[in-house]
Amino acid sequence: MNYDKTNNSKKKPFYFSIDFEDFYYNYLRALKLNNPKTKEEALIKSYKRIKYICEKYLEDKKITFFVTGIVAKKMPHLIKEIYDDGHEISCHYNFHDNIFESNRKDFAHNLDEAIKIIENIIGEKPLGFRAPNFAINPNNTWAYEELSSRFLYDSSYKTSLKISDLKKEKIFFFTNRKLKEFFIYEKPYFKNLFKIKSGGTFVRLFPSSVVISTMNESYNMGHVPLLYLHPYELTLNHDFWIAWKDLSFLPFIKKSYIYCRQTQWSHFGHQNLDKKIKHICDNFEHQGPMKNLVLNK
């Protein structure tokens, strides 16, 4: 189904996606631990929960998975299962790195690595991309140019502006190539001092009414309302938890901080997530994989 603001349905359209990454692996790698292990059982468990959510709240419509290359490389059978179940496999970079800290050459290399891994598993190239942490700065034109030569769409650009005010950024043009951008809308609060997105930590820590308000404003601003979550937010038993012994390579104070800080991702708001998704789906109707936004127009 196309995104269509003339739809007579009482529910507004939205797209649900998963940034399919391994919090345990990513966090330890960011702390400079070489070759951390992968929480394979936790990722499998998270997918089972995602399937349950799709069946119970999304009318069993398929969704988009933005998959990191490293997860695809370590768990090809799971990625193939997700694809065979009818979901869209898009790209979430090779590792979970901030792209604004990279350069054009390394960025292009890691994109190609991730694309190759995914294509070898599912038999086709991913059509879409989302940057880890949405970490492409608006002035990183080189990054969007590299994306335009590989993908049909991107969903990394954060904004609080109306779609009509973004002008050329609605579609990035590079010579004869174009890249459709599906913006991550941020609703400003307290005179723009604080912004809320309709995904991740915001969904878990804030009431569903706040998330719905953000999605409503996104829609009214001309954007496609996007709801996104991560595997570590969908398991209920601290399955991605980093144990104290796993942080033994760190100084005591830093180890203590990291150990406690991870409760933000691995503990708070998980138990009420089902109720929030239901509340959101009472007000919005999921439209299927995000690739429909570019293939059906």
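Our subject is the structure that appears above.
A quick note: this is a predicted structure, and the numbers were derived from the prediction, not measured. Chains are numbered independently. Their residues run from 1 in the order of the written sequence. Side-chain atom pairs in this predicted model are given and counted only at pLDDT of 80 or more, local residue features only at pLDDT of at least 70, and totals for whole chains, interfaces and linings cover all residues. Hydrogens and waters are ignored; side-chain quantities use all the structure's heavy atoms.

A. Focus on the packing of helix α2 (residues 40-57) against helix α4 (residues 76-84). The axes are straight lines fitted to the C-alpha atoms, using for helices just the contacting stretch, and the angles between their N-to-C directions are given from 0 to 180°. Helix and strand assignments come from DSSP, with helices taken as H or I runs of at least 4 residues and strands as E runs of at least 2, each series counted from the N terminus. The geometry of α2 relative to α4 is characterised by a closest axis approach of 11 Å and an angle of 10° between their N-to-C directions. Classed by the angle they form, the pair α2 and α4 counts as roughly parallel. Taken together, the residues of α4 that come into contact with α2 (itself represented by L43, I44, Y47 and K51) are L78, E81 and I82. Its residues assigned to classes, the contact of α2 with α4 comprises 5 nonpolar, no polar and 2 charged. Convention used here: angles under 35 degrees read as roughly parallel, angles over 145 as roughly antiparallel, angles from 65 to 115 as roughly perpendicular, and any remaining angle as oblique. Here, two residues are considered to be in contact whenever any of their heavy atoms come within 4.5 Å of each other. Three residue categories are used. Nonpolar comprises Ala, Val, Leu, Ile, Met, Phe, Trp, Tyr, Cys and Pro, charged comprises Asp, Glu, Lys and Arg, and polar comprises the others, including Gly.

B. The sheet that holds strand β6 (residues 158-159), seen in detail. Two strands qualify as a pair provided DSSP detects at least 2 bridges between them. Reading across the sheet, the 3 strands line up as β6-β9-β10 and stay open at both edges, with mixed pairing between neighbours. Two strands bound the open sheet, and with one partner strand each, they are β6 and β10 (194-197). Where β6 and strand β9 (residues 184-189) come together, 2 bridges link them in parallel fashion. The residue of β9 that forms the bridge with T159 is Y185.

C. Layout of a nonpolar patch on the surface. Nonpolar side chains collect at one region of the surface, where F190, L193 and F194 lie side by side and expose about 380 Å² of accessible area between them. As for its placement among the helices and strands, L193 is situated in the loop between β9 and β10. Here the term patch refers to residues with relative accessible area over 30% and no salt bridge, with like charges joined within 9 Å and nonpolar side chains (Val, Leu, Ile, Met, Phe, Trp, Tyr) within 5 Å. Accessible surface area values rest on a Shrake-Rupley calculation with a 1.4 Å probe, where residue burial reflects the displayed protein chains alone. Salt bridge, as used here: a side-chain nitrogen of Lys or Arg that lies within 4 Å of a carboxyl oxygen of Asp or Glu.

D. View of the environment of L161. Tracing the backbone through its elements, the reader meets L161 in the loop between β6 and β7 (171-174). Partly exposed describes any residue whose relative accessible area lies between the buried limit of under 20% and the exposed limit of over 50%, with all areas from a 1.4 Å probe on protein chains only and scaled to the type maximum. Taking relative accessible area as the criterion, L161 reaches 43% and is therefore assigned partly exposed. Separated by 125 residues in sequence, L161 and P36 place their C-alpha atoms 40 Å apart.

E. Spotlight on the nonpolar core. By nonpolar core we mean a set of buried residues, namely Ala, Val, Leu, Ile, Met, Phe, Trp, Tyr and Cys, connected to one another through side-chain atoms within 4.5 Å. Counting 72 residues, the largest nonpolar core has I18, F20, I50, F65, I79, F129 and L147 as its most contacted members. Here this core gets 8 residues from one element, more than from any other, and that element is helix α5 (residues 104-122).

F. Region of the structure containing unusual backbone geometry. One non-glycine residue with positive phi stands out, namely D60, at about 60°. The residue N133 is not glycine, and still its phi comes out positive at about 60°. You can see N133 is positioned in the loop between β4 (128-129) and α6 (141-148). Residue classification places N133 among the partly exposed positions, given a relative accessible area of 46%.

G. Region of interest: the pairing of strand β8 (residues 177-181). Inspection of the sheet shows strand β5 (residues 153-154) paired to β8 by 2 bridges, in the parallel sense. By the bridge assignment for β8, Y153 is matched with K180. Alignment of β7 against β8, held across 4 bridges, turns out to be antiparallel. Bridging across to β8, F174 finds its partner in R177. In sequence, β7 turns back onto β8 through a hairpin of 2 residues, with T175 there showing a positive phi of about 50°.

H. Main features of the packing of aromatic side chains. Geometry of aromatic contacts follows a simple scheme: Phe, Tyr and Trp rings, the Trp one being its six-membered ring, pair when their centres are within 6.5 Å, and the pair is stacked under 30 degrees between planes, edge-to-face over 60, tilted otherwise. The tally for this structure, following the rule as stated, stands at 24 aromatic pairs. For the pair F23 and Y27, a centre-to-centre distance of 5.3 Å together with 50° between the ring planes defines the contact as tilted. In this pair, F23 and Y27 are both assigned in helix α1 (residues 23-30), 4 residues apart and thus about one turn of the helix distant. The exposure classification of F23 matches that of Y27, with both residues buried. Seen from their ring centres, Y189 and F190 are 6.5 Å apart, and the 50° between their planes marks the pair as tilted. Classification of F190 as exposed rests on a relative accessible area of 63%.

I. Geometry of the pairing of strand β3 (residues 88-91). Burial along β3 is two-sided: the residues E88 and S90 and I89 and C91 are all buried. Note that strand β2 (residues 64-67) and β3 share 4 bridges and pair parallel. When the sheet's bridge partners are listed, F66 is paired in β3 with S90.

J. Structural detail: the pattern of salt bridges. Scanning all chains against the criterion turns up 18 salt bridges. When the shortest N-O distance is used, the salt bridge between E145 and R104 registers 3.3 Å. Residue E145 is found in helix α6, and its partner R104 is found in helix α5; the two are separated by 41 residues along the sequence. A relative accessible area of 34% means that R104 is categorised as partly exposed.

These figures capture arrangement, not role.
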